[in-house]
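Topology and contacts: notes
Listed below, chain by chain, are the residues.
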Amino acid sequence: MAGLTRFIGRKEHFGCIIYDRERADYIPFDHDAAEIFELTETKTLPQIYKALEDRIQQRNFETFVQLCQSIEILDSKGKFTGTFIGRDLSKEDHLSAPLKVYFSITKSCNFSCRHCFSSSGSSYPDELKTPEIKKLIDEMASIGCFELSLGGGEPLLREDLPEIIAHANLRGVSVRLSTNAAAATKEAARRLKGLKIKSLKISMEGGSEKVYDYIRGKSGSFRKTLRGIKNLKELSIPISLQMVFMKPNISELPSLIRIAEKLKVEKILLETIMPVGRAAQNPQLLLTLEESNKLWEAALKIQKNTHIKIEIPHYVPFRAGQNLMFDGFGCKCGTLICHIDPRGNVSPTGFLKDLFSAGTIREKTLKQIWDNAAVLAQFREFEGNQTCSACSYFSSCRGGCRARALFMDKNLNYPDGNCVIAHQVKAS
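Report on the accompanying structure.

Rules of the game
Residues numbered from 1 in each chain as written. Predicted model: local features only at pLDDT ≥ 70, side-chain atom pairs only at ≥ 80, totals over all residues. Heavy atoms only, no water. Helix = DSSP H or I, 4+ residues; strand = E, 2+ residues; numbered from the N terminus. Buried < 20%, exposed > 50% of the residue type's maximum accessible area, 1.4 Å probe, protein only. Contact = heavy atoms within 4.5 Å. Areas by Shrake-Rupley, 256 points an atom, 1.4 Å probe, with all protein chains shown as cover. Pairing = 2+ DSSP bridges. 1 Å grid on protein atoms, 1.4 Å probe; cavity = no way out; pocket = protein on both sides within 12 Å on 5 of 7 lines; lining within 4 Å. Points joined across faces, edges and corners; volume = space filled by probe spheres on them. Nonpolar A, V, L, I, M, F, W, Y, C, P; charged D, E, K, R; others polar. Phe/Tyr/Trp six-rings, centres within 6.5 Å; stacked < 30°, edge-to-face > 60°. Core = buried A, V, L, I, M, F, W, Y, C linked by side-chain atoms within 4.5 Å.

Right, let's talk about the overall build of the protein for a bit. A count of helices and strands for the protein gives 17 helices and 14 strands. Dimensions of the protein, computed from the C-alpha atoms along their principal axes, are close to 70 × 60 × 50 Å. With 428 residues in all, the protein has 57% of them scored as buried. Pairs at least 24 residues apart make up 68% of the contacts formed inside the protein by residues separated by at least 6 positions. Within the structure as shown, the protein displays about 19700 Å² of accessible surface, and the carbon and sulfur contribution to it stands at 51%.

Cis geometry is found at the peptide bond from G152 to G153, where omega equals 10°. Position of G153 among the secondary structure elements: in the loop between β6 (147-151) and α5 (161-170). Following V316, the chain continues to P317 via a peptide bond in cis, the omega torsion being 0°. Among the structural elements, P317 can be located in the loop between β11 (309-311) and β12 (337-340). With a phi angle near 70°, A181 is a residue other than glycine that sits in the positive phi range.

Attention shifts here to the sheet that holds strand β5 (residues 100-104). Backbone-to-backbone hydrogen bonds join strands into a sheet, with any given pair of strands oriented parallel or antiparallel. One open sheet accounts for 10 strands, arranged β11-β10-β9-β8-β7-β6-β5-β12-β13-β14; its pairing is mixed. The two strands at the open ends of the sheet, each matched to only one other strand, are β11 and β14 (359-360).

This brings us to empty space enclosed by the protein. This model, assessed by the stated rule, comprises four cavities of 30 Å³ or more. Put simply, the largest cavity is a space of about 100 Å³. Along its surface, the largest cavity is lined by 13 residues, and C388, C391, C397, G399 and C419 are the ones closest to its centre. Looking at the lining of the largest cavity, the elements that each hand over two or more residues are α14 (386-389), α15 (394-397) and α17 (420-427). Classifying every residue of the lining of the largest cavity by side-chain character gives nine nonpolar, two polar and two charged. If you go around the second largest cavity, the residues you meet are S104, T106, K107, S118, S120, Y124, G152, G153, D341, P342 and K353. Partitioned by chemical class, the residues of the lining of the second largest cavity number two nonpolar, six polar and three charged.

Now for the packing of aromatic side chains. A full pass over the atoms with the stated rule returns 15 aromatic pairs. Taking 5.3 Å as the distance between ring centres and 40° as the angle between the ring planes, the aromatic pair formed by F80 and F84 counts as tilted. When the ring of W296 is compared with that of Y315, the centres are 4.9 Å apart and the planes differ by 35°; the resulting orientation is tilted. Of this pair, W296 sits in helix α11 (residues 289-303) while Y315 sits in the loop between β11 and β12, and the two are 19 residues apart along the sequence. Under the relative-accessibility criterion, W296 is labelled buried at 1%. Joined through ring pairs, the aromatic side chains of F29, F37, F64, F80 and F84 make up one cluster.

On to the nonpolar core, then. Counting 116 residues, the largest nonpolar core has L192 and L241 as its most contacted members. Not counting residues within four places of it along the chain, the set of residues in contact with L192 comprises L156, L161, P162, I165, L177, I197, L232 and L235.

Regular strands show a simple pattern: their side chains alternate between the two faces of the sheet. Across the six residues of strand β2 (residues 15-20), six count as buried, placing the element largely inside the fold. As defined by bridge partners, strand β1 (residues 7-12) adjoins β2 across six bridges and the pair is classed as antiparallel. Among the inter-strand pairings, F7 is bridged to a residue of β2, identified as D20. If you look at the hairpin formed by β1 and β2, you'll find two residues sitting between the two strands. By the bridge criterion, six bridges tie β2 to strand β3 (residues 25-30) in an arrangement that is antiparallel. Looking at the pairing, D20 lines up with D25 of β3.

Here it is as structure tokens:
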């Protein structure tokens, strides 16, 4: 990260957030910690403790300092090693900026997958141009949003992709790339060489040629994808394979694991099909709540027999814990993250982009949309439901995915449509 400060802080209603560029991670701190960081600019550690001793015990103060020094947020003399930006950005009811932007950089795709949530294929004629995307990245850096996930469509089909990633590198914005890998020719991989990409997520909806090509809708896709993955492996970037479970591939996980082991990829991510986009037009692909949970449970058993890490990000109820930088009911969409489509339209999540538009970055800044859009305010003020609020998992789950609640039960305030606990309560 030559030329860039490792730690960047921004004030928030609960205290502050420090972004660690080296680890590509946000660390939240309370008001006392935020004040300590700011006071180190002008005071020594003993002077700071003296100023705060009425509300902080000395042992706790010393432990905090030691912890911050161990991760290098404070230096050996107790000075904050980073810098704060946007000291006046904090809002009382929400984060001053998203933590991550999911950007579908194009609608163009080399496949026409039967389950595609964005119905990708042909590009829009008015997709964001290179200067507009660079301007977005510049704003993200200025407001303290340092995570950018690039997807599509198929992002490798954009000729300016390396230029865009290079600009994000320049501004210290961490990039993750989602691709189907079939477009990752040797030349495409060569153009990415030397760029800083945190991770590559490769969609892999089948472990066999027959199933994979059926889902992609094009023969020869499976072999082309495997060649693409091998080309991307040359970049030495952590790779994960993502499988979206649906009716045609419910028995494909073991064969996908064998592929992952052979290719020596980092992990496999498992999702379940969402009834949106082309999937809504192909209801024969959809899974029931029972089928989804059965597949997740089977995957966890398979995990015991492979060294490949299997992750199920949306296993409900969410047990890994929602980020505590927001309160109330609902997932992180609109509260911690947002989605931007190829034409610059902002929404809480890409799954709901056609139903909940918060505005376009062609007319307003991302900051203006984040702070003032009624759609985003709606996603931060859900009423929720008694089933979720009474659940022992509520503090970590918050009700699960809002898109699945809407698509499966027609109500944004309902529990996640794949939650077995809520289903059992409803049945009783």
